[in-house]
Amino acid sequence: MKILKFGGSSVANLENIRKVFAIIQKQIKKEEIAVVFSALGGVTEILLQSAQKAKEGDRSYIDEVKILEDRHFELVRQLIPIQSQSTVLTYVKVRFNELDDLFHGVYLIKECSAKTLDYVASFGERLSAFILAEALKIEELPAVFVDARDLVRTNNRFGNAKVDFFTTNDLIADYFHSHPGLKIITGFIGSTEKGETTTLGRSGSDYTAAIFASALNADSLEIWTDVSGVLTSDPRLVYSAFTIPQLTYNEAMELSHFGAKVIFPATMQPAMRKGIPIYIKNTFDPENPGTLISNESGNGKLIKGISSMSGISLLNIQGAGLIEVVGVSRRVFGSLADAGINVILISQASSEHSICIAIKTTEVIAAKESIEKEFLYEIKNGEMDPVLVVSEMAVVAAVGENMKHNPGASGRMFQALGRNNVNVFAIAQGSSELNISAVVSQADLQKALNALHEAFFLSDNKVLHVFLVGVGLIGKTLIRMIAQQRKKLMQENDLDIQIHGIANSRYMAFDEDGFDLANCPLPQDAKGAKPMDIKKFVAQMEEMNFSNSVFVDCTASQDVADVYEQVLEAKVALVTPNKKANSGSLETYKGLKKLAYKRGVKFLYETNVAAGLPVISTLQDLMLCGDKVLRIEAVLSGSMNFIFSELEKGTPFSEVVKQAKEKGYTEPDPRDDLSGMDVGRKILILGREAEQDLQFEDIQIQSMVPADCVDAQSVEEFMAKLPAHDAEFAHLLAEAKSKGEKLRFMATLENGKAMVGLRSIDSSHPFYTLKGSDNMILFTTERYHDFPMIIRGPGAGADVTAAGVFADVIRLGNFSR
Ligand code: ADP
Ligand code: ASP
Ligand code: MG
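Throughout this description, residue numbers start from 1 for each chain and increase along the sequence as written. Here chains are named by letter from A upward and ligands by number from 1 upward, in the order in which they appear as written. Side-chain atom pairs in this predicted model are given and counted only at pLDDT of 80 or more, local residue features only at pLDDT of at least 70, and totals for whole chains, interfaces and linings cover all residues. Computation of side-chain values: all heavy atoms of the structure, hydrogens and water removed.

Looking at an unreviewed UniProt entry, one finds the chain named Bifunctional aspartate kinase/homoserine dehydrogenase I, with Mariniradius sediminis as its source organism. UniProt positions are given in the numbering used here, feature names are shortened, and annotations may be inferred rather than shown by experiment. According to the UniProt record, the Function (unreviewed entry) comment for the chain reads "Bifunctional aspartate kinase and homoserine dehydrogenase that catalyzes the first and the third steps toward the synthesis of lysine, methionine and threonine from aspartate." Recorded under Cofactor (unreviewed entry), the UniProt text for the chain is reproduced unchanged: "a metal cation".

In structure tokens, the structure reads:
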């Protein structure tokens, strides 16, 4: 004998019911079965809500009930041929007449007891099972409708009745013994000795099925639902959740108690007593093996699943008068029990100064009142504070038998939460070590679940959630590179990169699922595009609250640099080629580094100097290993190099600058390059990385061009003034040439002094051979003393810069494993 139970989603409509019937037809050929049905999907909820409305005098319940009636009639017409419809239609009509009377009564007396609610709710299962039994008869199966109220005997705790197994088991066994046929049983409902209708708790049809399985010593119990078994986490909150092939009864109970809605917690008890295996199967994917719940634990994973409960509040009971006073806990929990309040989690530190209790938010007022009444005297005397309530909380729980005697689970759990900026308000682990629970704020719940899911199940597959500001040349190239490389990164490095936010100076747009990178829209063309506001961009990023978020700034904007602090404060990693922050005040530079360290996130800016060349990371490595920088010499401007190589060909200076500008080798205003300011900022950053406390003002910058040019009112005026200096440059060049030297615009740092300016160098200097737009950096250190360490290569351009930013992003993926 096997018991099959189909949930509300499996029988929500005709299409689904056809699938259910196919499963029944297939199974009945193999062995004896009995079937338990829930109400049609959503019906119980509407019945209960309608009762509430009637009680409140809201007549819209009438329409709601009418819609329900029509839905059932429609189903009868769809499932059963006209000539056989009358008995079923009559049954349905009579039930709805009863319901109408019932609701009208509730409406008139404005009262609806738990007992009445149970009776109201029972119509859902009675209707569905009756209609489906009749429809199965049409399918030529010997279906017999069974109203579980005749067989499942319970106490009178309405809404959540306790089963009297002693009587129930006999009633079920006798009934099955004396009634042949395919029993079609109403889930969820039972009755008291006096014949009053009761329910076993919301979602209780699973339990009904287990009660029958146990009473009949069934070989197995199958719970058919709309997902392929118990998943590692709630699939509505964790998209990457997957089926857990095997669970013990205890694990399943723990997961479901803590919110895994897929199976009703009490279901496990009767099955466990008899050792009956429970299979959780998917009506819409019947071949999927789903989950087996038995005494076997299956694989050796540290934890099996992560579940959660929302709508939680914390009560903090604290005060100096509680320390080492015997009986405080008894009084706290006694008063809660008296008020009928269920305690979900308790945590007390050994100082005994405070007790922290998690309960459902709906019960918070009653709980606070009840405890404060109990401790009236202590509160009055100041020995205890009034009960402090923190609402909008949720509980996350990691569950698995393998945590027993296996260190590491809580470490991994709290590391994952901490790394993702999820604050933990309370922690509890029972000595059974089956479950570690943490209370977090409701706003952090989804992030917490995903971070835990990743830490325990997908540690081989990390997802970085990128928010990109600046989609100009570099930003766009970066998106293209990620799109091209993504598959390989996933396959070979278990790293996925998704972009959830994009912005330019005018627009910003977000995508929960991540933009399609191969066809990534510009911010203004994306769905839901909004005017850009960097503060709002960051706020939205924080609100989306992904684990492993990364803020990438591909702008050159000060406004964007101004939000770095907020970004790091939110524990979001930061990657940027934008030099503004690091070349700002020394306090800003140091503050950001310190903040990143404090918040445990990375702030990477390899591309601040010489694009993708590994200059900053190399310097950081040297410093980390205890080396000391004695001198840095660097050519850090590609545009200046172009200018010199053209000058050497004999082209006048003014002409060369014009060409460089036209070819896009300089900034739109060539003075940004020629004034030496840009190089100054770069050597400033290198100096700071070499642990020198430099401000920008400390850097001696000799402009390439005379003051009158720099001070020109416009770019045009500047360009017009240049020819007057052609002779000067020609002279400088000739002078250098006569000594066998070349001109270079370089930056040096030595003895704490940084300088930027034009130098004439001889052929023994490494810079002598520099060509094109190459950058070159020489580090002379205590360890690289006789010969400097040299880094050379293209130090500008969208491709190499974007590649450098990309490499920093990938580095983040490796750091946070
Ligand atoms: P039924 O109508 O079949 O009784 P339920 O709606 O009661 O189905 O339960 C199935 C739903 O439970 C799934 O659709 C899923 O959204 C939700 N769920 C929550 N947590 C989990 C989990 N850990 N594994 C599987 N499903 C879960
Ligand atoms: N129909 C009931 C409910 O919605 C019982 C069940 O579906 O298991 O709670
Ligand atoms: Mg259910």
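1. Let's talk about the site of ligand 2
Contacts to ligand 2 come from Ser38, Thr44, Glu125, Phe188, Arg202, Ser203, Gly204 and Ser205. Polar contacts, as used here, are pairs of N or O atoms within 3.5 Å; protein pairs need one atom able to donate a hydrogen and one able to accept it. Residues neighboring in sequence count only if both atoms are side-chain atoms. Taking arginine 202, its side chain carries an N or O atom lying 2.6 Å from an oxygen atom of ligand 2. Here an oxygen atom of ligand 2 sits 3.1 Å away from a polar atom, N or O, in the main chain of serine 205. Taken together, the residues of the shell around ligand 2 sort by class into one nonpolar, five polar and two charged. Being near a molecule or strand, for a residue, comes down to having at least one heavy atom within 4 Å of it. The nonpolar class holds Ala, Val, Leu, Ile, Met, Phe, Trp, Tyr, Cys and Pro. Asp, Glu, Lys and Arg form the charged class, and all remaining residues, Gly among them, are polar.

2. Re the sheet that holds strand β18 (residues 495-503)
Backbone hydrogen bonds are what pair the strands of a sheet, in a parallel or an antiparallel way. Pairing between strands requires that DSSP locate at least two bridges from one strand to the other. Comment: elements are numbered from the N terminus, with helices defined as DSSP H or I runs of at least four residues and strands as E runs of at least two. Judged by pairing direction, the sheet is mixed, and its seven strands sit side by side in the order β20-β19-β18-β17-β21-β22-β23 without closing on themselves. In the strand order of this sheet, the two ends are held by β20 (530-531) and β23 (603-604), each with one partner. Note: strand β17 (residues 462-469) against β18, eight bridges, orientation parallel. In the strand pairing of β18, phenylalanine 467 is matched with glycine 501.

3. Some points on the pattern of salt bridges
Just to be clear on terms, a salt bridge is a Lys or Arg side-chain nitrogen sitting within 4 Å of an Asp or Glu carboxyl oxygen. According to the stated counting rule, one finds 37 salt bridges in the structure shown. Between arginine 202 and glutamate 45 there is a salt bridge whose closest N-O contact spans 2.9 Å. A residue pair is termed long-range when its members are at least 10 positions apart, and arginine 202 in the loop between β6 (197-199) and α7 (205-215) and glutamate 45 in helix α2 (residues 43-55) qualify at 157 residues. We call a residue buried when its accessible area falls under 20% of the maximum for its residue type, exposed when it is over 50%, and partly exposed in between, using a 1.4 Å probe and counting protein chains only. Relative accessible area serves as the criterion here: at 42%, arginine 202 is assigned to the partly exposed category. Looking at glutamate 45, the relative accessible area reads 36%, which means it is partly exposed. The closest approach of N and O atoms between glutamate 569 and arginine 599, which form a salt bridge, is 3.4 Å. Residue glutamate 569 is located in helix α18 (residues 564-569), and its partner arginine 599 is located in helix α19 (residues 586-599); the two are separated by 30 residues in the primary sequence. Several salt bridges converge on common partners, so that one network encompasses Lys2, Glu31 and Glu222.

4. Points about the site of ligand 1
Residues in close proximity to ligand 1 total 18 residues, the closest being Gly8, Thr225, Asp226, Leu231 and Lys261. Taking arginine 236, its side chain carries an N or O atom lying 3.2 Å from an oxygen atom of ligand 1. Here an oxygen atom of ligand 1 and a side-chain polar atom of lysine 261 are 2.9 Å apart. Note on areas: Shrake-Rupley, 1.4 Å probe, and residue coverage restricted to the protein chains presented here. For ligand 1, whose unbound accessible area comes to 570 Å², protein coverage reaches 90%. The class makeup of the residues in the shell around ligand 1 is seven nonpolar, six polar and five charged.

5. Considerations on the packing of helix α20 (residues 616-624) against helix α24 (residues 677-689)
Where α20 meets α24, the axes come as close as 9 Å, and the angle between the chain directions of the two elements is 25°. Classed by the angle they form, the pair α20 and α24 counts as roughly parallel. In terms of crossing hand, the pair formed by α20 and α24 is right-handed. Taken together, the residues of α24 that come into contact with α20 (itself represented by Ile616, Leu619, Gln620 and Met623) are Ile685, Leu686 and Glu689. Across the contact of α20 with α24, the residue classes break down as five nonpolar, one polar and one charged. Note on definitions: angles span 0 to 180 degrees between N-to-C directions of axes, and those axes are lines fitted to C-alpha atoms, for helices only across the stretch in contact. Angle categories are assigned with fixed cut-offs, so that under 35 degrees is roughly parallel, over 145 is roughly antiparallel, 65 to 115 is roughly perpendicular, and the rest are oblique. In this scheme, a crossing is called left-handed if the near helix is turned counterclockwise away from the far one by less than a right angle; it is called right-handed if the turn is clockwise. Only heavy atoms enter the contact rule, under which two residues are in contact if any of them lie within 4.5 Å.

6. Points about the packing of aromatic side chains
Geometry of aromatic contacts follows a simple scheme: Phe, Tyr and Trp rings, the Trp one being its six-membered ring, pair when their centres are within 6.5 Å, and the pair is stacked under 30 degrees between planes, edge-to-face over 60, tilted otherwise. Here the structure, examined in full by the defined rule, presents 19 aromatic pairs. Aromatic pair tyrosine 61 and tyrosine 107: ring centres 6.0 Å apart, planes at 45°, arrangement tilted. With tyrosine 61 in helix α3 (residues 61-79) and tyrosine 107 in helix α4 (residues 85-109), the pair connects residues that are 46 residues apart, well separated along the chain. Between the aromatic rings of tyrosine 119 and phenylalanine 123, the centroid separation amounts to 5.2 Å while the plane-to-plane angle is 70°, which identifies the pairing as edge-to-face. One end of the pair, tyrosine 119, and the other, phenylalanine 123, are both in helix α5 (residues 114-138), four residues apart, so they sit about a helical turn from each other. Residue class for tyrosine 119 comes out partly exposed when judged on its relative accessible area of 27%. On the accessibility criterion, phenylalanine 123 (0% relative accessible area) is buried. Ring-pair connections join several aromatic residues into one group, and the members of that group are Phe467, Phe510, Phe537, Phe546 and Phe551.

7. Some details on the state of the cysteines
Note on terminology: disulfide denotes any pair of cysteine sulfur atoms within 2.5 Å. By the definition in use, this model includes zero disulfides. Of the cysteine sulfurs around cysteine 520, a residue in no disulfide, the closest is that of cysteine 554, at 12 Å.

8. Quick look at the sheet that holds strand β12 (residues 345-348)
Across the sheet, which stays open at both edges, the six strands sit in the order β12-β13-β11-β14-β16-β15 with antiparallel pairing between neighbours. Strands with a single pairing partner mark the edges of an open sheet, and in this sheet they are β12 and β15 (424-429). Neighbour to neighbour, the strand axes of the sheet diverge by 30° on average, direction disregarded. The sheet contact formed by strand β14 (residues 388-399) and strand β16 (residues 435-441) spans seven bridges and is antiparallel. Bridged to valine 396 within β16 is alanine 438. Most of the contacts of helix α10 (residues 328-338) go to strand β13 (residues 354-360), to which it runs at about 15°, and overall it touches β11 (305-318), β12 and β13. Sitting on the sheet, helix α11 (residues 364-374) is in contact with β11, β13 and β14, with an inclination near 35° to β11.

9. Digging into the packing of helix α1 (residues 14-28) against α3
At their nearest, the axes of α1 and α3 sit 11 Å apart, and the two run at 50° to each other. Between α1 and α3, the angle falls in the class oblique. Our pair here, α1 against α3, has a crossing hand that is right-handed. Packed against α1, whose contacting residues are Leu14, Ile17, Arg18 and Phe21, the element α3 presents Leu75, Gln78 and Leu79 at the interface. Here the contact of α1 with α3 is composed, by residue class, of five nonpolar, one polar and one charged.

10. Some thoughts on α5
The end-to-end C-alpha distance of α5 is 37 Å, a good match for the 36 Å that 25 residues give at a rise of 1.5 Å each. Here α5 lies mainly inside the structure; 18 of its 25 residues are buried. A positive backbone phi angle near 65° is found at glutamate 140, which sits one or two residues after α5. Helix span, expected: 1.5 Å multiplied by one less than the number of residues in the helix.

11. Structural notes on α7
With eleven of eleven residues buried, α7 lies mostly within the body of the structure. Regarding α7, the residues found buried are Ser205, Asp206, Tyr207, Thr208, Ala209, Ala210, Ile211, Phe212, Ala213, Ser214 and Ala215. Positive backbone phi, approximately 50°, marks asparagine 217, located one or two places after α7.

12. A few points about the nonpolar core
Nonpolar cores were defined as sets of buried Ala, Val, Leu, Ile, Met, Phe, Trp, Tyr and Cys residues, with membership established by side-chain atoms within 4.5 Å. The biggest cluster of nonpolar side chains holds 83 residues, and the ones touching the most others in it are Phe537, Phe551, Ile632 and Phe653. Counting residues in each nonpolar core, the second largest holds 62 residues, with Met1, Ala34, Ile276 and Val399 among its members.

13. Some remarks on the environment of isoleucine 701
With respect to the helices, strands and loops of the structure, isoleucine 701 is situated in strand β25 (residues 700-701). According to the relative accessible area criterion, isoleucine 701 is partly exposed, its value standing at 26%. Sequence-wise, isoleucine 701 and leucine 758 are 57 residues apart; in three dimensions their C-alpha atoms are separated by 9.6 Å.

14. Remarks on unusual backbone geometry
The phi dihedral of asparagine 217 is positive, around 50°, even though this residue is not glycine. Position of asparagine 217 relative to the elements: it lies in the loop between α7 and β7 (220-225). Backbone geometry places glutamate 691, a non-glycine residue, at a positive phi of 65°. The residue glutamate 691 is located in the loop between α24 and β25 in this model.

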